[in-house]
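Structural characterization, general
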Amino acid sequence: MLVHLNGELVEHSRAAVSPFDRGFLFGDALYEGLRAFGHPSDPPDAPPRIIGLGLHAERLARGLAACGLDWDPALLGPLTGALLAANALRDAFVYWQVSRGTPDLSRGPARARVPAAALRPTVFGYATPLPPIDFSPAAAPPVKAAATAPDTRWSLGSIKSTSLLANVLAAIDAHHRHRADEAILLRPTPGGALVSEGTHTNVILAHADPAGPNDAADPLDARALSTPDLTAAPALEGVTLRLLHQAEPRLRARPVHAHELHSAREIILIGTTTMVTSVGVIDGRAVPEAPGPVARALRRRLLSLIAPPHPAQAVPPRLAHA
Ligand SMILES: Cc1ncc(COP(=O)(O)O)c(C=O)c1O
């Protein structure tokens, strides 16, 4: 596997990062996880498309600015194209990490919280194959089990930091203790526990809508759709959430109380690799509809957003081989 390290493509077994890198010592680093894919209508030699590339670059830009890291997020597209081309990949997960860098040990202690001098960020990227996306409109979203867990994390949830210890611990606990595939995190607040997000997903709930028509042709008209307000319970603004939110005005962001997980008709997890996944069991209790009509409709909506008739999101071939 060829990986990207600081501007070069190198065999992964030869890629070396200093043990004093601040990403390793402190988790002083940001990351992005991208989904590259091909559409069945693409010619065989077409460059891969990237889901929401511009939104990933925007989110990374916000994180870089918040952390005072000097790297050009516009490189995300061309470097991803080059990484995929070098590994002859089309359907793939692509990971990028930008750390604050490795301190010069002659200028101060390695673990100084404040680096003695501005550092050159360490940039690392790799890509691994994924199965192709099933674009068939009738295919059902996968169904997974989830368990709730306290959200013990910091309040800067909008920063996509590599410091994921709390997410990892919650996911391990959900897996080993509850045989669950994802932990849904609950942030304690004075007004009660609020749903924030999953350990690697955002959450959407569909409730019965008493005001909705009984015979709605569109399942989204018959349900009240909500997603946690990202400031009431700090959470990451997922690219998948952003895509769906921009396209679906019926999806309302509001504080979502923990108890609503038990009254929802559907609980839906969304994310770059998760896409649209239904929760079938939450804390050992069956969710009424999984996969339900809302998950099916959101899946179809996401597919139409990521692969519009014209491949507007393709990495330009010129850049793909840069
Ligand atoms: C904590 C968390 N929330 C939400 C998401 C979903 O974000 P995206 O749709 O950009 O993959 C992720 C993705 O890794 C995540 O780690």
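This is a predicted model, so every value here is computed, not measured.

Cut-offs and rules
- Numbers given to residues run from 1 along each chain, matching the order in which its sequence is written.
- It should be noted that, the model being predicted, local features are given only for residues of pLDDT at least 70 and side-chain atom pairs only at 80 or more, the latter also being counted only at that level, while totals for whole chains, interfaces and linings use all residues.
- To get the side-chain values, take all heavy atoms of the structure and skip hydrogens and water.
- What makes two strands pair is DSSP finding at least two bridges between them.
- A helix here means a DSSP run of H or I that spans at least four residues, while a strand means a run of E at least two residues long, and both kinds are numbered starting from the N terminus.
- When we say a residue is near a molecule or strand, we mean one of its heavy atoms is within 4 Å of it.
- Distance and chemistry together define a polar contact, namely a pair of N or O atoms within 3.5 Å, with one atom able to donate a hydrogen and the other to accept it when in protein, and with adjacent residues in sequence counting only for side-chain atoms on both sides.
- In the sections that follow, a salt bridge refers to a side-chain nitrogen of Lys or Arg positioned within 4 Å of a carboxyl oxygen of Asp or Glu.
- Buried residues are those whose accessible area, probed at 1.4 Å on protein chains only, stays under 20% of the maximum for their type, while exposed residues exceed 50% and partly exposed ones sit between those limits.
- Pairing of aromatic side chains requires ring centres within 6.5 Å, counting the rings of Phe and Tyr and the six-membered ring of Trp. Pairs whose planes differ by under 30 degrees are stacked, by over 60 edge-to-face, and all others tilted.

Successive side chains on a regular strand alternate, one facing one side of the sheet and the next facing the other. In terms of strand pairing, strand E1 (residues 2-5) meets strand E2 (residues 8-11) through four bridges, oriented antiparallel. Bridge pairing in E2 links leucine 5 to glutamate 8. Connecting the antiparallel pair E1 and E2 is a turn made up of two residues, with asparagine 6 showing a positive phi of about 50°.

Residues in close proximity to the ligand total 16 residues, the closest being Arg59, Glu197, Val239, Thr240 and Thr272. Between tyrosine 31 and the ligand, the recorded distance is 3.5 Å, taken from a side-chain N or O atom to an oxygen atom. Valine 239 places a main-chain nitrogen or oxygen 2.8 Å from an oxygen atom of the ligand. Of all elements in the fold, only strand E9 (194-198) and helix H5 (239-247) reach the threshold of two or more residues within the shell around the ligand.

Next up on the list: the pattern of salt bridges. Tallying each qualifying case throughout the model produces 19 salt bridges. Across the pair aspartate 151 and arginine 187 runs a salt bridge, and its minimum N-O distance is 3.8 Å. You can see aspartate 151 sitting in the loop between strand E7 (143-150) and helix H4 (165-178) and its partner arginine 187 sitting in strand E8 (residues 182-187), a full 36 residues away along the chain. Per residue, the accessibility class of aspartate 151 equals that of arginine 187, and both read buried. One salt bridge connects glutamate 260 with arginine 254, and the closest N-O pair in it is separated by 2.6 Å. Of the two residues, glutamate 260 and arginine 254, neither departs from the other in class, the shared state being buried. The network of salt bridges with common partners includes Asp218, Asp221, Glu248, Arg250 and Arg301.

Right, let's talk about the packing of aromatic side chains for a bit. Note on aromatic pairs: each is described by the distance of the centres and the angle between the planes. For the coordinates displayed, the defined rule picks out five aromatic pairs. Summarising the aromatic geometry, the rings of tyrosine 31 and tyrosine 95 are spaced 5.6 Å apart at their centres and angled 25° between planes, so their arrangement reads as stacked. You can see tyrosine 31 sitting in strand E3 (residues 29-37) and its partner tyrosine 95 sitting in strand E5 (residues 92-99), a full 64 residues away along the chain. Of the two residues, tyrosine 31 and tyrosine 95, neither departs from the other in class, the shared state being buried. Aromatic rings pair up to connect Tyr31, Phe93, Tyr95, Phe124 and Tyr126 into one cluster.

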